[in-house]
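Take a look at the letters that make up each chain.
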Amino acid sequence: MKLTKLISSLAIAAVVALGSLGAPILRAQDPAAPAAPAPAATAEKKDEAKKEEAKLPEATDAQTTAMLAAYVTNGDPSAVLKTAKDEKGAPALPPELAKLSPEDLAKAFPLTATSGPGHNGFMMVCTALVLFMTLPGLALFYGGLVRKKNVLSVCAQCLGIAGLVTVLWWAVGYSLVFDDSNKASGFAAYLGGTGKAFLKGVSSAPNTNYAYWVGENVFSMYQLMFAIITPALIVGAIAERMKFSAIMLFVALWMFVVYFPMAHMVWGITGKMNGVWNADATIKAIDFAGGTVVHMTSGWSALILCIMLGKRLGFGKEKMSPHSMVLCMVGTGMLWVGWYGFNAGSAIAADGVASNAFLTTTLAAATAGAIWGLIEKIHRGHASVLGFCSGIVAGLVVITPACGFVTASGAMIIGVLAAVVPYLFVSILKAKFGYDDALDTFGVHAVGGTLGAIMTGVLATLDSGNANLATNLKEIVGKTLIFEQLKAVALTLVLSIVGTIVITLIVKALIGLRPTPEEETTGLDITDHQEEGYVL
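Quick caveat: nothing in here was measured; it's all calculated off a predicted structure.

Engineer: Help me get a handle on the pattern of salt bridges, residues and values and all.
Structural biologist: Applying the stated criterion across every chain yields a total of ten salt bridges. Here Glu 240 and Arg 147 are joined by a salt bridge, their closest N and O atoms 3.1 Å apart. Here the residue Glu 240 occupies a position in the loop between helix 8 (216-234) and helix 9 (244-267), and Arg 147 occupies one in the loop between helix 6 (117-145) and helix 7 (151-178), the gap between them amounting to 93 residues. On the accessibility criterion, Glu 240 (2% relative accessible area) is buried. A relative accessible area of 14% places Arg 147 in the buried class. In this structure, Glu 484 and Lys 487 form a salt bridge, with 3.3 Å as the shortest nitrogen-oxygen distance. With Glu 484 and Lys 487 both in helix 17 (residues 481-510), this residue pair falls three residues apart, about one helical turn. Each of the salt bridges in this network shares a partner with another, and the network as a whole consists of Arg 147, Glu 240, Arg 241, Arg 312, Glu 318 and Asp 436.

Shown next as structure tokens:
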């Protein structure tokens, strides 16, 4: 009995074993049977083979330490890897690293393609601060200065420009300013390529052409805020007398004709006037935060537009006083606070250069506000709130291109000049020449931006601690830099003036510029937006 059970058990075991061996054979012979899945061990072996084939290097402890030190000092994390020289004698990756794709290099040395949390966080705050300058800062500043029947029109213009420019920036604006995919073309000095259209490839990894530790997505949004506020500044010169639709069409064209080329020439890596980052720039000018790009372009365009548009109905005959100096003062405070993001943030890092820009911005703004009030007291017998606000904004404008390149003493000089020169244009020359720059965009931004660009060439110094000056412009700082600045000023004037004339003529021909006299008399709040700022 026991023997019988033993034989039965062995027979069953034999059948099971044969079945398990025969099943794969039978399945292989059956054309309708699915192929057996590859064992996990085989897939792992293939992955290991690929890794072995790629032979990606690993960062040594010394290299990792050097990269972390670069984060603290806002330096190039890949510098420690650049042990070879290129054809120009500059540091370069050795052959074994140079042959790797950017993706593989990033996998091997993650710190070379990683945004740093401190610098990235700082730039996100600065981005919000620059947007705060336009919404609500500029809207309130300008809104308080117009008559109450037009306060909402100014707010709507700022809001509309913010939306319009954002769409243009996403579609192609960022690419035209900061992309270098066309660097081999002769046109690269004037405009970027389309390789980053629709923000293609813009991720949290830094674009090391501009920043080592800030994600390109954050950098692109930071620069967007500059693109928003620049055309919004033009609104001040033509307030109360230009149709909303005409302003939107004007701004859309102006961004392509004036802003995108200008921003690329000054800040783009292949830009014609980028003396800081482009060794091949034919005009080695410097503009830390937008004296030429923002204030000169908007201010000079505003002058041309307000002249071509004509004066407000009743200008020089009716009283056109600001309807709310309280709103103007609140807007001024917001602009001053936001300007720290504008100027200090232009270091694109939370480093010593940003700290210096923070300091010089404060000194210039406060000094200009105080001096403007003093001049007004001497000239008119009283110091007004409008005067203090105008002086503060003028100081902020003039220090903008210089804030990262000058010392505290230079900022004080700029603060004094920022009060004296724009005051002359706003309070004396405007009335003499008779142009209707409604809210003094030309007197403050065009004059101030031009003055700032020139004074940057005079006062920029290696003592400011800006390594870019010492590295790239040491031979001309304090010597011939002023001539480079004058060239940049001249080119900015030509582009802004000619471009604005052409755009204004196009808009006028297509849809007209002004509302009817009846609509202008009623006020743009009602005629353009069917709303009132105050319902009492």
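Engineer: Let's hear about the packing of helix 6 against helix 7: which residues, and what values?
Structural biologist: How two helices sit against one another is set out by the angle between their axes and by the gap between those axes. It is the contact of helix 6 with helix 7, at a shortest axis distance of 9 Å, that shows an interaxial angle of 150°. As the angle between them shows, helix 6 and helix 7 are arranged roughly antiparallel. In the packing of helix 6 onto helix 7, the handedness of the crossing is right-handed. Where helix 6 approaches helix 7, its residues Thr 134, Leu 135, Leu 138, Ala 139, Tyr 142 and Gly 143 are matched on the opposing element by Val 151, Val 154, Cys 155, Cys 158, Leu 159 and Ala 162. Looking at the contact of helix 6 with helix 7 residue by residue, the classes come out as ten nonpolar, two polar and no charged.

Engineer: Provide a residue-level description of the packing of helix 7 against helix 9, including the pertinent values.
Structural biologist: Helix 9 packs onto helix 7 with a crossing angle of 35° between their chain directions and a minimal axis gap of 10 Å. At the point where helix 7 passes helix 9, the crossing takes the right-handed sense. A per-class count over the contact of helix 7 with helix 9 returns 21 nonpolar, four polar and no charged.

Engineer: Would you mind going over the state of the cysteines in detail, with residue names and values included?
Structural biologist: Summed over the entire model, instances satisfying the criterion amount to zero disulfides. Of all cysteine sulfurs in the structure, the one in Cys 158 sits closest to Cys 155, which takes part in no disulfide; the separation is 6.9 Å. Assessed through its relative accessible area of 21%, Cys 155 is described here as partly exposed. Note on Cys 158: relative accessible area 0%, which makes it buried.

Engineer: How would you explain unusual backbone geometry if you had to name every residue and give the values?
Structural biologist: Between Leu 135 and Pro 136 the backbone carries a cis peptide bond, its omega angle lying at 10°. For Pro 136, the position within the fold is in helix 6. We note that Ile 348 has phi near 55°; this positive angle belongs to a residue other than glycine.

Engineer: Break down the side chain of Thr 492 for me, citing the residues and quoting the values.
Structural biologist: In this structure, Thr 492 sits in helix 17. When near neighbours in sequence (up to four residues on either side) are disregarded, Thr 492 contacts Met 262, Thr 292, Met 296 and Thr 297.

Engineer: Before we move on, can you summarise the side chain of Asp 179 with the specific residues and values?
Structural biologist: In this structure, Asp 179 sits in the loop between helix 7 and helix 8. Of the side chains bearing the opposite charge, Lys 196 lies closest to the buried Asp 179, which forms no salt bridge; the N-O distance is 5.1 Å. Polar side-chain contacts of Asp 179 include one of 2.9 Å to the backbone nitrogen of Gly 195.

Engineer: With reference to specific residues and values, describe helix 9.
Structural biologist: Three or four residues apart is the spacing at which side chains of an α-helix point the same way, because the helix has 3.6 residues per turn. In the structure, helix 9 departs most strongly from a straight axis at Met 255, where the bend amounts to approximately 50°. Within helix 9, 18 of the 24 residues are buried, which leaves the element mostly enclosed by the surrounding structure.

Parameters and conventions
- Residues numbered from 1 in each chain as written.
- Predicted model: local features only at pLDDT ≥ 70, side-chain atom pairs only at ≥ 80, totals over all residues.
- Heavy atoms only, no water.
- Salt bridge = Lys/Arg side-chain N within 4 Å of Asp/Glu carboxyl O.
- Helix = DSSP H or I, 4+ residues; strand = E, 2+ residues; numbered from the N terminus.
- Buried < 20%, exposed > 50% of the residue type's maximum accessible area, 1.4 Å probe, protein only.
- Axes fitted to C-alpha atoms, helices over the stretch in contact; angles between N-to-C directions.
- Parallel < 35°, antiparallel > 145°, perpendicular 65-115°, else oblique.
- Left-handed = near helix turned anticlockwise from the far one by under 90°.
- Contact = heavy atoms within 4.5 Å.
- Nonpolar A, V, L, I, M, F, W, Y, C, P; charged D, E, K, R; others polar.
- Disulfide = S-S within 2.5 Å.
- Lys, Arg positive; Asp, Glu negative; His and termini not counted.
- Polar contact = N/O pair within 3.5 Å; in protein donor to acceptor, adjacent residues only side chain to side chain.
- Bend = angle between axes of the 7 residues up to and from the residue.

Taken by themselves, the reported measurements are silent on function.
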